[in-house]
Amino acid sequence: HAACIRQCRFLPGTRQPYRIAIGVMSSPKHAQQRRAIRESWASSSPEVLACFIVGALIKRTPRAPWDERHATELAEPDGGPHGELTVLPDAALVKREQSEYGDLLMLDNSSEVHQGGTSGLKTLTWWVHATTQLQNVRWLGKCDDDTLLHVPLLLQRLPYEPPHDLNLFGTIKWGCYSEKRLKWEPSYSNRACGRTAFARSRAPGEPANLSLSYEGPFQLALGWFFAMPYNLAKLLANCRYAHWFHERALHAVSEPFLRKEDDPLNGFWIFKCLRERYGEQHKGVKPLFPLRPAEAHNIACVSQHGLYQRPNNASIVIHFLKAVSAMRYVSALLRWQQSGQSRNWRKCCSRMVWPTERQAYPLNVCEGLLNEAELKAEIAIDEAAARKSDEMRRSLRQKRRHASHRFKASNLLNR
């Protein structure tokens, strides 16, 4: 697999028969998340190529004017962020990881967002790179670095060849988007845009009647994972509107700033770019049968229904895995379920998934689920946490002793 993942960067026009290449949107500091993905789903099939996308710069985006924390930012010595682009603080560490693994990309014209989501100013650069460097890949996708993909089931659901160039695969929703506000609203196929309470609202400093600026409705896929045919990604990569939008958001120094609207943004770009290419009457994408809630959901330890669910035999996309242990737990659970056994690992789930619960349950609640290597990795995490806790206690005791000595010295001088 190591030879394969280096093709993320080094081998344009690869002939490797990947069914899908997935851009994993990742924060610079999430090295452990990337490691967990490399050790789990990214290495589970030669048909899947995972490339981690980290912004080459960081955009210092201020809090929204109506955010109660905005005043605190303004009181900072430099007046707080103003939308400026700066050097990535962790660039050296990221480049070292890039050199070691070859599966990490810091693409030109891409940026992390200081206050916001992880992918809004990176997604288009991924489509441009992928359609240039990986021209023989059938599908191109995007997911977050807190998503685990159950690759065997994914490959069962995803056709080997796209039935149509305008297919979209994922959790499909309807929405409308305002380029003047850089916000979206959920919608339906037969509903006019700008009808929700949020769309009709007016925040301090915003112009009037922004509800009239929402366009759509259009179909979009939720950002925890989606895929589209190579040709649709190429249309995006070559689209004038998408590039204009990206450049405007990247270099913005006043409101509106792009913050956490990356889920619907790709769907809006497709909507606009299809009209740019084929005319204003174009009907839009042709989604494949969408992922059901049982197939794509956030992690849960108890619930079996809705947005948050326990992983099950149908799970393809499991999202909101914010810790390496959570990724390790879901990988082990899916492996165990594939053997045909059934048992509720709620205590192990709580320990591994929710950091606040880790101290409540000993590691032996996961025996029988985790293999020997996974148990050793968890022991190492516990030992590192214990060392850090001991260091903090020693540091605190030293500070108290120094404060006590200064207090005694002060009293002697005042006598």
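Residues numbered from 1 in each chain as written. Predicted model: local features only at pLDDT ≥ 70, side-chain atom pairs only at ≥ 80, totals over all residues. Heavy atoms only, no water.

Q: So what about the overall build of the chain? Which residues, and what values?
A: Across its full length, the chain carries 13 helices and 15 strands. For the chain, whose C-alpha radius of gyration is 24 Å, the value lies close to the compact-globule estimate of 22 Å for 415 residues. Along the first, second and third principal axes, the C-alpha set of the chain runs to 85 × 60 × 45 Å. Relative to all contacts within the chain whose residues are 6 or more apart in sequence, the contacts with residues 24 or more apart total 71%. Carbon and sulfur atoms provide 53% of the accessible area of the chain, an area that totals close to 20,500 Å². Taken together, the 58 basic and 40 acidic charged side chains of the chain have centroids lying 3 Å from each other. (Helix = DSSP H or I, 4+ residues; strand = E, 2+ residues; numbered from the N terminus. Rg over C-alpha atoms; globule rule 2.2 N^0.38 Å. Contact = heavy atoms within 4.5 Å. Areas by Shrake-Rupley, 256 points an atom, 1.4 Å probe, with all protein chains shown as cover. Lys, Arg positive; Asp, Glu negative; His and termini not counted. Charge placed at Lys NZ, Arg CZ, Asp CG, Glu CD.)

Q: Give a description of the packing of aromatic side chains that names residues and reports values.
A: Across all of its chains, the model carries 14 aromatic pairs by this definition. Ring geometry for Phe169 and Phe225: centres 6.2 Å apart, planes at 75 degrees, overall edge-to-face. Taken together, the residues Phe169 in strand E9 (residues 167-178) and Phe225 in strand E11 (residues 214-229) connect sequence positions 56 residues apart. Of the residues examined, Phe225 reaches a relative accessible area of 0% and is grouped as buried. Members of the aromatic cluster, each reached through a chain of ring pairs, are Tyr177, Phe218, Tyr241, Trp244, Phe245, Phe268, Trp269 and Phe271. In this structure, Arg38 packs its charged tip against the face of Tyr101, placed 3.8 Å from the ring centre. (Phe/Tyr/Trp six-rings, centres within 6.5 Å; stacked < 30°, edge-to-face > 60°. Buried < 20%, exposed > 50% of the residue type's maximum accessible area, 1.4 Å probe, protein only. Lys NZ or Arg CZ within 6 Å of the ring centre and 35° of its normal.)

Q: Help me get a handle on the pairing of strand E2 (residues 48-53), residues and values and all.
A: Across the 6 residues that make up E2, a large majority, 6, are buried. Looking at chain direction, strand E1 (residues 20-25) and E2 are connected through 6 bridges and run parallel. Bridge pairing in E2 places Ala21 opposite Leu49. Handedness of the E1-helix H2 (residues 31-39)-E2 crossover: right-handed. Both E2 and strand E5 (residues 104-105) contribute to a ladder of 2 bridges, which runs parallel. Its bridge partner lying in E5, Ile53 is registered against Leu105. (Pairing = 2+ DSSP bridges. Right-handed = clockwise from strand over helix to strand, strands pointing away.)

Q: Describe empty space enclosed by the protein, and please don't skip the residues or the numbers.
A: Taken as a whole and judged by the stated rule, the model has 1 cavity of 30 Å³ or more. For the lining of the largest cavity, the secondary structure elements donating two or more residues are E11 and helix H10 (262-278). Per-class residue counts for the lining of the largest cavity are 3 nonpolar, 5 polar and 3 charged. (1 Å grid on protein atoms, 1.4 Å probe; cavity = no way out; pocket = protein on both sides within 12 Å on 5 of 7 lines; lining within 4 Å. Points joined across faces, edges and corners; volume = space filled by probe spheres on them. Nonpolar A, V, L, I, M, F, W, Y, C, P; charged D, E, K, R; others polar.)

Q: Lay out the state of the cysteines with the relevant residues and their values.
A: Using the criterion set out here, one finds 4 disulfides in the structure. Here Cys301 pairs with Cys349 through a disulfide, and the sulfurs are 2.0 Å apart. Disulfide Cys301-Cys349: torsion about the S-S bond near -75 degrees, hence left-handed. Residue Cys301 is found in the loop between strand E13 (296-299) and strand E14 (308-309), and its partner Cys349 is found in helix H12 (residues 346-353); the two are separated by 48 residues along the sequence. (Disulfide = S-S within 2.5 Å.)

Q: Account for the nonpolar core, with residues named and values stated.
A: By size, the foremost hydrophobic cluster in this structure holds 111 residues, and its most contacted members are Trp41, Trp126, Trp127, Phe225 and Tyr329. In contact with Trp127, other than residues within four places in its own chain, are Leu140, Gly141, Lys142, Phe226, Met228, Ala233, Leu236, Ala237 and Asn266. (Core = buried A, V, L, I, M, F, W, Y, C linked by side-chain atoms within 4.5 Å.)

Q: If you had to explain the sheet that holds E14 to someone new, which residues and values would you point to?
A: Reading across from one edge, E8-E15-E13-E14 is the order of the 4 strands in this open sheet, with mixed pairing throughout. At either margin of the open sheet sits one strand with a lone partner, and together these are strand E8 (148-149) and E14.

Q: How would you summarise the pattern of salt bridges if you had to cite specific residues and measurements?
A: Tallied over the full model, the rule gives 28 salt bridges. Here Lys322 makes a salt bridge to Asp146, at a shortest N to O gap of 2.7 Å. Here Lys322, found in the loop between strand E15 (317-319) and helix H11 (324-338), pairs with Asp146, found in the loop between strand E7 (139-144) and E8; they are 176 residues apart in sequence, far enough to count as distant. Here Glu372 and Lys376 are joined by a salt bridge, their closest N and O atoms 3.5 Å apart. One end of the pair, Glu372, and the other, Lys376, are both in helix H13 (residues 372-414), 4 residues apart, so they sit about a helical turn from each other. When salt bridges that share partners are traced, they join Arg328, Arg351, Arg358, Glu378 and Asp382 into one network. (Salt bridge = Lys/Arg side-chain N within 4 Å of Asp/Glu carboxyl O.)

Q: Quick one: what's the story with H11, residue by residue and with numbers?
A: An ideal rise of 1.5 Å per residue puts 21 Å on 15 residues; H11 measures up with 22 Å between its terminal C-alpha atoms. Extensive coverage of H11 is indicated by the burial of 13 of its 15 residues. (Expected span 1.5 Å × (residues − 1).)

Q: Can you lay out unusual backbone geometry for me, pointing to particular residues and giving the numbers?
A: Cis geometry marks the peptide bond from Gly216 to Pro217; its omega dihedral reads 0 degrees. Considering the arrangement of structural elements, one finds Pro217 in strand E11. Backbone geometry at Asn109 places phi at a positive 70 degrees, although glycine is not the residue there. Mapped onto the secondary structure, Asn109 falls in the loop between E5 and strand E6 (111-113).

Q: Would you mind going over the packing of helix H5 (residues 123-133) against helix H9 (residues 240-250) in detail, with residue names and values included?
A: At a closest axis distance of 10 Å, the pairing of H5 and H9 adopts a crossing angle of 135 degrees. Put simply, H5 runs oblique to H9. In this structure, the crossing between H5 and H9 has a hand that is left-handed. Only Ala242, His243 and His246 of H9 make contact with H5, whose side of the interface consists of Leu124, Thr125 and Val128. (Axes fitted to C-alpha atoms, helices over the stretch in contact; angles between N-to-C directions. Parallel < 35°, antiparallel > 145°, perpendicular 65-115°, else oblique. Left-handed = near helix turned anticlockwise from the far one by under 90°.)

By themselves, these figures tell us nothing about what the structure is for.
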